[in-house]
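# Commentary on secondary and tertiary structure
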Amino acid sequence: MEHIVLRHRDIPGIDKLDVYIANGGFEAYKKVVTSMKPEEVIDVVKASGLRGRGGAGFPTGVKWSFLTKNRPAYYVVCNSDESEPGTFKDREIMEKNPFQFLEGLMIAAYAARAAVAYNYMRGEFWTLARELDKKIAEVKARGFLGKNILGSGYSLELYTHLGAGAYICGEESALLESLEGKLGQPRLKPPFPADKGLYQMPTVVNNTETLTNVPMILARGAEWYKAIGTPTSAGSKVMCLSGHVNKPGNYEAPLGITFRELIYGEQYGGGIPGGKKLKGILPSGASAPILPATEAILDTPMDYESVAKAGSQLGSASVILLDETVDMAWAALKMIRFFKHESCGKCTPCREGTYWMLHVLDRINDGQAVAADVELLGNVANQMVGKCLCPLGEFSVSPVLSSLKNFRADYEAHLKDSKKPAAKPAAKPAAIPAAKQTEIAAGD
Amino acid sequence: MADLIKLKIDDVELSVPKGTLVVDAAKQIENDIPVFCYHPKLTPVGMCRMCLVEVGRVQKDRATGQLVLDENGRPKIAYSPKLETACTLPVEEGMHIRTENGKVAGARNDVVEFILTSHPLDCPVCDKGGECPLQNLTLRYGPGSSRFVFDEKQHLDKHVPLGAEDNALIFLDRERCIQCARCTRFADEVVDDHVIGFYQRGRKLEIVTFSDPGFDSKFSGNTTDICPVGALTTADFRFQARPWELTHSASICAQCPVGCNLHLNTRRSGTSGRIEIKRVMPRQNEQVNEIWICDKGRFGHHFTASPDRLTSPLIRKTATGQLEEASWDEALELVATKLKAANGAVLGLAGGRLANEDLFAFNQLVTGLGGRAVLASHMGGGDWVQKVGLGAGSNFGAMGKGTTIVVVASDLEEEAPIWWLRVKQAADRGAKLIVANARPTKLDRYAKHKVTYAYGDEVSAVNGLAAQAAQAENLVVVYGGEGMDLAASTALAQACANLLISTKHTGRPNNGLVAVWPHANTQGAWDMGVRPSGDALPEAAVLLVAASDPVGDGAALPRVGFTVVSELFRTATANAADVVLPAQAFTEREGSFTSGERRVQRFYPAVPAMGHSRADWQIFSQLGERVGQGQTRPGAAAVMTEISKAVPDYSGVTYQAMAKVEKQFPDVGGTDLYYGGTAYQNNAGLGVQYPSAADRGEPVAVAEVASVAHRVGGLVAAPITVLYDRGTTFIRSYVMHPRIPRPYIVINPADAAALGIADGETIVLSVNGKELSAAARVDGHAPAGALLAPQSLGSPALVGLTPAAAHKLEKVEA
Amino acid sequence: MLAEKYRNQIDATLAKYPADQKRSAVMPLLYIAQSEYGHITRDAMQEVADILGLEPTQVASVVGFYTLYHDHAAGKHYIQICNDLPCALRGADKFAADLCAKFGVKLGETTADGMFTIEGVMCLAACDKAPMFQLQNTEGIKYYESQTVESAAAVMEELRAKTDQ
Ligand SMILES: Cc1cc2nc3c(=O)[nH]c(=O)nc-3n(C[C@H](O)[C@H](O)[C@H](O)COP(=O)(O)O)c2cc1C
Ligand code: SF4
Ligand code: FES
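Notes on the structure follow. (Residues numbered from 1 in each chain as written. Chains lettered and ligands numbered in written order. Predicted model: local features only at pLDDT ≥ 70, side-chain atom pairs only at ≥ 80, totals over all residues. Heavy atoms only, no water.)

### Comments concerning the overall build of chain B
Each helix and strand counted, chain B has 20 helices and 35 strands in total. Computed over the C-alpha atoms, the radius of gyration of chain B is 29 Å, within 12% of the 28 Å expected from 2.2 N^0.38 for a compact globule of 814 residues. Once the C-alpha set of chain B is aligned to its principal axes, its extents read approximately 95 × 65 × 65 Å. A burial count over chain B gives 61% of its 814 residues as buried. Sequence-distant contacts in chain B: of pairs separated by 6 or more residues, those separated by 24 or more amount to 71%. Summed over its atoms, the accessible surface of chain B is roughly 30,200 Å², and 51% of this surface lies on carbon and sulfur atoms. The distance from the centre of the 81 positive side-chain charges to the centre of the 89 negative ones in chain B is 3 Å. (Helix = DSSP H or I, 4+ residues; strand = E, 2+ residues; numbered from the N terminus. Rg over C-alpha atoms; globule rule 2.2 N^0.38 Å. Buried < 20%, exposed > 50% of the residue type's maximum accessible area, 1.4 Å probe, protein only. Contact = heavy atoms within 4.5 Å. Areas by Shrake-Rupley, 256 points an atom, 1.4 Å probe, with all protein chains shown as cover. Lys, Arg positive; Asp, Glu negative; His and termini not counted. Charge placed at Lys NZ, Arg CZ, Asp CG, Glu CD.)

### Remarks on helix α4 (residues 42-52) of chain C
By the burial criterion, the buried members of α4(C) are A44(C), M45(C), E47(C), V48(C), A49(C), I51(C) and L52(C). If you follow the buried residues of α4(C), they end up packed against β9 (197-199) of chain B together with α1 (2-5), α2 (7-14), α3 (26-37) and α5 (56-65) of chain C. Just downstream of α4(C) lies G53(C), where phi reads positive at about 70°.

### Some remarks on the interface of chain C and chain A
Chain C puts 48 residues into the contact, and the matching count from chain A is 69 residues. Of the roughly 4,600 Å² buried between chain C and chain A, counting both surfaces, carbon and sulfur atoms make up 60%. Counting every contact that joins chain C to chain A gives two salt bridges. In this structure, E145(C) and R91(A) form a salt bridge, with 2.7 Å as the shortest nitrogen-oxygen distance. (Buried area = accessible area lost by both parts, 1.4 Å probe. Salt bridge = Lys/Arg side-chain N within 4 Å of Asp/Glu carboxyl O.)

### Observations regarding the interface of chain B and chain C
Contacts between chain B and chain C engage twelve residues on the former and 14 residues on the latter. Taken together, the two surfaces of chain B and chain C that pack against each other cover about 1,100 Å², and 54% of this comes from carbon and sulfur. On the chain B side of the interface with chain C, the three residues burying the most area are Y199(B), R201(B) and F210(B), jointly 57% of the side's total. Across the chain B-chain C interface, the total number found is zero salt bridges. Our enumeration of links across chain B and chain C arrives at six residue pairs in polar contact (both at pLDDT 80 or more). In terms of residue class, the side of chain B that touches chain C is built from six nonpolar, five polar and one charged. (Polar contact = N/O pair within 3.5 Å; in protein donor to acceptor, adjacent residues only side chain to side chain. Nonpolar A, V, L, I, M, F, W, Y, C, P; charged D, E, K, R; others polar.)

### A look at the packing of helix α2 (residues 27-35) of chain A against helix α6 (residues 98-112) of chain A
For any two helices packed against each other, the geometry is given by the interaxial angle and the distance between the axes. All names here are of chain A. The geometry of α2 relative to α6 is characterised by a closest axis approach of 9 Å and an angle of 10° between their N-to-C directions. Between α2 and α6, the interaxial angle falls into the category roughly parallel. For the pair α2 and α6, contact is made by E27, A28, Y29, V32 and V33 and by E103, M106, I107 and Y110, respectively. In the contact of α2 with α6, the residues fall into seven nonpolar, no polar and two charged. (Axes fitted to C-alpha atoms, helices over the stretch in contact; angles between N-to-C directions. Parallel < 35°, antiparallel > 145°, perpendicular 65-115°, else oblique.)

### A look at the pairing of strand β22 (residues 474-479) of chain B
Residues and elements named next belong to chain B. With six of its six residues buried, β22 lies for the most part within the structure. Two strands pair when backbone bridges link them, and strand β19 (residues 403-408) and β22 are joined in this way by six bridges, in the parallel orientation. Following the sheet pairing, I405 is matched in β22 by V476. One crossover worth recording links β22 to the parallel strand β23 (residues 512-515) by way of helix α14 (residues 486-502), and it is right-handed. (Pairing = 2+ DSSP bridges. Right-handed = clockwise from strand over helix to strand, strands pointing away.)

### Section: the site of ligand 1
Residues and elements named next belong to chain A. Taken together, 19 residues form the shell around ligand 1, and within it G54, N79, N206, N207 and T210 come nearest. Measuring from an oxygen atom of ligand 1, one finds a side-chain N or O atom of K63 at 2.9 Å. Contact between ligand 1 and N207: an oxygen atom at 2.7 Å from a side-chain N or O atom of the residue. For ligand 1, whose unbound accessible area comes to 610 Å², protein coverage reaches 91%. When the residues that make up the shell around ligand 1 are grouped by side-chain class, the tally is five nonpolar, eight polar and six charged. (Near = heavy atom within 4 Å.)

Structure representation (structure tokens):
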């Protein structure tokens, strides 16, 4: 398939402005700014069926239309926080195909009638932000940014803004708080950003990958895009493959390819190292239930609806693979450690629940637990469900509840009162020849 | 009338105004939905998740917008699968809230259990124990036992000063904090002092301050009341007593003209056996102070129990020339003899911290003898407040859009902190605030319009507001006396009154004049007929001074034959007296104060009188009896009965009327389990606001403003007020000492440069032929040509603008 | 003083946000402060607060919340190894342990010469190139991917040689 988002894989040097322009870059933007009304742009995006790639899969055109109906947006903010474990697509996009991303952001700004757009990047993308600043300056030097762009009367400024290490800032309202110079704690909803966003003004928040799709949609039309993927999950999606797989990395594929294709396909993951059996699939980082790698699951199409039906979420399609050597109690511990570390502390169930779950998991993994502790772990997780202020807390129970449901034996193997033989030590994966990796430290 | 919304909570149907939150709606039918982070005075945040309820909404057909009906023809209700927070949820038409089913009970149980995973079980030694919302809600809704059996319960620092150890007023017990953000929201939203905040995140969140002095806010103590656990305690109260051992006595704050309602919490001391004030708490009065008090009111009570208090009468013995202890009989008889012999040449000088009853009895005594009773004050306009003062039924708490508030010649936060707070909040709600002053003050932040005049030009500044005043729907003018003497402030009061009268803003609620008086009962003194004198005090055979220290203030006493002082302490004036009579503090007796809003409010005795001290009204009554003015009055109430007959404005002011209470909203006292833990509940009275002449429909007319001589040319010193001063009473609150500045003078950078003075250097200021030295604060907040001299910081008192000279203190050779 | 030394950079930062929303510049300014002083001192918080018209407590809260700001001195270079699940599946835990052993510290500790603080951190969006670490110092933040203990140690030794003691 031709790449839509990862176009640098087809066109070398597209991270240079001249090359990008030589390959049709900024044509869509020019057309939009000089000859289309914002509503017309929104209609095209709506018709394309593009859905948000940040996790929730909300139709992008619909989101944009919320604003323009009533009043223009004041701000468009791109969510480049990319902190979900197993997600590394937005970084590649911004590094390797930066101009297409910027063009998408600029078209979104035009559609929303915003005069300022920010790209909020996780603080760790420090070096990348410097690079992007240079690229923005180049784009501006061409007259695509600034006052009265291409004589259209439209003016736009684009800025990067760095976070400083907080996963919760990927949640859009926490992101806005952070951009306002405050603690990254989520806001109550409603009001939604479209109503009261940045500085209490109407705001559109979209993911990096979502926006990077936009120039091609406007260049080639909604029908072209809609023809890719499935009827309800249109287009292609960058799938991040990590963990126990021969060729970890980003793969852009039409929505609806099966897990099996992605994991075992030669042009994708290329199978499990050492020919081991796959045990579990995390389709969306740490934030969605772990799926057992059954044949039925492997044949599930990777689109929003099918993965949900299979009991998990497609989310940002950050697929982490766990082979048969992995102890799921250990994997759950790793993930809860993450959530406990990232809980912002605003609401009680998440703040206390993640801490408590981690305690019980530690005890289990240390071999100090009894059967009642496993019960308790499930109880604590269930006790959090439906009570948190934002999705982070709600997400955090997924690894626990899904591993308890599908891999309970892994927990029981750790118990002091277990009849089963003591568990093997926690996963110590064998050396994996990774894509660009020839060697891993000896002795591993 | 706001639109009403009909809803059902469990089985009760009710109608509440649109915009009401479910939690408040439930409260109105006595259904106390448990909360931690929610507080009706703060913006809801929905953090703690304690208030989860099940919510059903009427179903509407998507296409037609029609209600979907059930088989009985009633609207079909769809219950959301997820519980929702009642504290953030506005009521909706037809909504059905369930608060009592198993799902909700389970959620409450779960949330309490979560909170307790981090909370120590140290109730037996916690200052909040007995009035703790967490304790209460745990008993009522909690799981009974925790499954969090880890010995890793957090062990965090327990006595963390919010600020430096030696200047912190508020201490944090980190273990106990449940991260509800009530304290930070109070500081951020209500008082706009961003001096406490969260540090770290997740379970490590802790309250910190990086200000100096720590938690640098004049309202910091309020956070200890609204903290739903024992995490925040005051330096003053912590470890002092258990809440349930405390007695609540209703009182009124004596520190400023706002008249905040208080409860004095007392207990018998284990060591001294005396009944002592352990803490001062706000008492709810939505018209006056809502549920807030400032730190001066909270921590300024220590003078009442000071060992320096006078405990028995003193008479100067001719043999020794010293003041020596005497009996009341001896002292009163001596004074009475002198008064009778004075032949009318009696001068009375009274201070504005006396109660109405004292001032009335004082005035009766002095004028009855043919003498003259004068108020020790340099601020005028009390008569204008009587005429066009804030209209009956006014409430700063209800002011917002449509109301214009003018504040002139006052640094409100320093002079009347709770008014500052309420004016600021009115501005937050959309009231148009106009601040007029010769220098910037903190209130400027909220002003829509700021008028800067030169000291001396107050009247023309007010006259310049005529156009804006005319546009205002409602107009409140708050005036102070900064930089003015009696003549100038009288002229200002008149100009303010003219502004109100000429634009027809009198005799209506939320319209009228408010004076920022220097003392708690200055208005009462005016009302009792004890008023300041602009002229030099006349000579007299007997001078009777009550609650005033002219000598200490550096004023020259008139030549008198015999001086009598009624006081709490041996002030400079007392030391110069022939007889000193020990007076009772307001905490030891009954009485009433009249606030700047003309609200007459009662206070009650909380502790036994110190030594042989007597109430001032009693002292003056007893003197009256001895000089043949009739029988001593039996009690303070009897004095008030006399007042209501003798003073027409007070005809409706009785002790019974002042003691009346009614239900107040928000309902934060009483039996509920969650805002409680404080002394908010007001059972002792809301006071009576006597009607102004305009309220009574009497004609009020614009009067010509007497011209006041302007002082021009050269440096002038302008007296300004600071809240934390070295006044006789406040200086006895040792906890506040780190916040009381050393004497200083604020000087404009240009003036400082001209005089060769650098910031922090000592300058010598010559005023009225006296020299004083103080540290220079070089700061553009001082207008050019004016030296700002904070009063009562240990420097000679100034009356109005005073010509001054200044130079740098030359280094003395060591 | 930051306000003088970094005037242009601060002005450029402030220009990104509406004039009445200066607070938005707190995070970029804290990065400037951190590169200047190595970590964010109390005085630096005050400086940033003064530039933005904030209370130091407001600035401190931001420092406290975000993990890339350090409120106390540690190593001159932070070696932040991702040991979150995806990296751990590809040997990050062992990589971290071996690297620590090589430098004689435990994870989270600073080397005796004060040069390096080696920490474990959460996912850095480089899961396909584990083991990896990021280097944080006064110069900013840089990624080092597909690492071995040897390659990481070589990077660190080079840094040590370049950095004044
Ligand atoms: C805890 C949490 C973390 C999130 N992290 C990210 C993120 O790193 N990147 C992102 O684009 N969206 C993230 N989201 C989703 C955003 O809130 C938001 O839905 C998204 O940015 C919208 O953009 P889209 O419609 O283009 O997907 C996160 C949501 C939650 C609850
Ligand atoms: S100190 Fe008290 S009021 Fe402040 S957050 Fe903690 S529990 Fe809430
Ligand atoms: S969430 Fe409603 S009271 Fe805390």
